[in-house]
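Close look at the chain arrangement
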Amino acid sequence: MKSISVSGNISISYQDVGNKNNPAIILIMGLGAQMTLWPDALFYGLVDQGFRVVRFDNRDAGLSTHLEQFGKPSLFKSWLSARLPLRSQAPYTLEEMAEDTLALMKALKIKKAHLVGASMGGMIAQLIAAKQKKKVLSLTSIMSSSSSLKLTHANLKVFLQLAKLRPDKPNRDAAIRYNIRLNQLIGSPAYPQDEQTLKAQAVETVERAYNPHAFQRQFAAMAASGSRQNLMAKVKAPTLVIHGESDPIISSQEGIKTAQQIRKSKLKIVPGMGHNLPPELTPKMIKWIAKHVRKSELKRAKKLAQKGQKRDWGSAPI
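Because the structure is predicted, anything quoted here is derived from the model rather than measured.

1. So, the nonpolar core
- One finds Ile26, Leu94, Ile110 and Ile124 to be the most contacted residues of the largest nonpolar core, which totals 48 residues.
- Element by element, the count of residues in this core is highest for helix H4 (residues 120-131), at eight residues.
- Among all residues touching Ile110, those that are not within four sequence positions of it are Ala24, Ile26, Arg52, Val54 and Met105.
- Ile25, Met29, Val53 and Ala290 belong to the second largest nonpolar core, which has 27 residues in total.

See the structure below:
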């Protein structure tokens, strides 16, 4: 893993693998999650498909800068601020997290990239695709939403269960137990993982980095950023929306709505998939993303050929 300073005192930890001349795919992870939640099989699988692939820890996650000086925002107040005209107390916003992504691209000398975002990462990718169109070659939004935060019967039930489990005084063992239960609650019903596997993943996650209050701060960032629905018409990059039919956190209807808002986007609703990336679906995810990226590359190459231009970042053919 490497790290690089992107803005102020923010340092971003990242992994950059693949031929630097190949088309670049940037993987953006979700709420409170480390970049290692992008499965190695998916990450290296995309590299094997002929892409340069970058994954990174968002600010306040993993090995990137932890912003403990901003304390522990109230989840309820953060959610309420998204529903009512209240002044947000968020220490930062999704827009600032999007700027982190762009700064990382600049530091890695990636002028244009294919963005793949999961959950909150999908929201960040949507913002970049809408506001920095020239930097985005394609967009893949996975189990995400263009709407502001909302509570449904399904996710309220999950949130209440998690609230009861969240330890008042976090420690390593409590964090591992919480991580296991979290993944049991949000996982894919058609692809359940046994507790031993979940425990091994939880131990690896907690031992890599432990940042118990980052979830609240990133949640506050989501609440403060509000809805992106008015921006979706501005997304011009070829877009693929992937969503689990059984997602208990962000309803599949949100994925459908996002796809409807982005012109000519493609939609895949995956039966039995929840709010995670189960190993059994990795081969399909690689296939879907690689196919989408290649189609975007071909479309762009044709446009450039018609204009008599060359690719300005020297990607090799794939």
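2. A word on helix H8 (residues 214-225)
- Between the first and last C-alpha of H8 there are 17 Å, a value that for 12 residues agrees with the 16 Å anticipated at 1.5 Å per step.
- All of the buried residues along H8 are Ala214, Gln216, Arg217, Gln218, Phe219, Ala220, Ala221, Met222, Ala223 and Ser225.
- Positive phi appears at Gly226, one or two residues downstream of H8, with a value of about 70°.

3. Focus: the pairing of strand E8 (residues 266-270)
- Pairing analysis gives five bridges linking strand E7 (residues 239-244) to E8, with the strands arranged parallel. Directly across from Gly244, in E8, lies its bridge partner Val270.
- A crossover links E7 with its parallel partner E8, the connecting element being helix H9 (residues 252-261), and its sense is right-handed.

4. Comments concerning the packing of helix H3 (residues 94-107) against H4
- Running from N to C, H3 and H4 point in directions that differ by 75°, and their axes come no closer than 9 Å. What the angle tells us is that H3 and H4 run roughly perpendicular. Contacts from Leu94, Glu95, Met97, Ala98, Thr101 and Leu102 in H3 reach Met120, Met123, Ile124, Leu127, Ile128 and Lys131 in H4.
- Considering only residue class, the contact of H3 with H4 consists of nine nonpolar, one polar and two charged.

5. Topic: the pattern of salt bridges
- Summed over the entire model, instances satisfying the criterion amount to nine salt bridges.
- Across the pair Asp16 and Arg52 runs a salt bridge, and its minimum N-O distance is 2.7 Å. Of this pair, Asp16 sits in strand E2 (residues 10-17) while Arg52 sits in strand E4 (residues 52-56), placing them 36 residues apart in sequence. Grouping residues by exposure puts Asp16 and Arg52 together as buried.
- Note that Arg172 is salt-bridged to Asp173, the shortest N-O span being 3.3 Å.
- We classify Arg172 as partly exposed; its relative accessible area is 39%.
- One salt-bridge network, in which partners are shared between bridges, spans Asp60, Glu68 and Arg217.

What counts as what
Residues numbered from 1 in each chain as written. Predicted model: local features only at pLDDT ≥ 70, side-chain atom pairs only at ≥ 80, totals over all residues. Heavy atoms only, no water. Core = buried A, V, L, I, M, F, W, Y, C linked by side-chain atoms within 4.5 Å. Buried < 20%, exposed > 50% of the residue type's maximum accessible area, 1.4 Å probe, protein only. Helix = DSSP H or I, 4+ residues; strand = E, 2+ residues; numbered from the N terminus. Contact = heavy atoms within 4.5 Å. Expected span 1.5 Å × (residues − 1). Pairing = 2+ DSSP bridges. Right-handed = clockwise from strand over helix to strand, strands pointing away. Axes fitted to C-alpha atoms, helices over the stretch in contact; angles between N-to-C directions. Parallel < 35°, antiparallel > 145°, perpendicular 65-115°, else oblique. Nonpolar A, V, L, I, M, F, W, Y, C, P; charged D, E, K, R; others polar. Salt bridge = Lys/Arg side-chain N within 4 Å of Asp/Glu carboxyl O.

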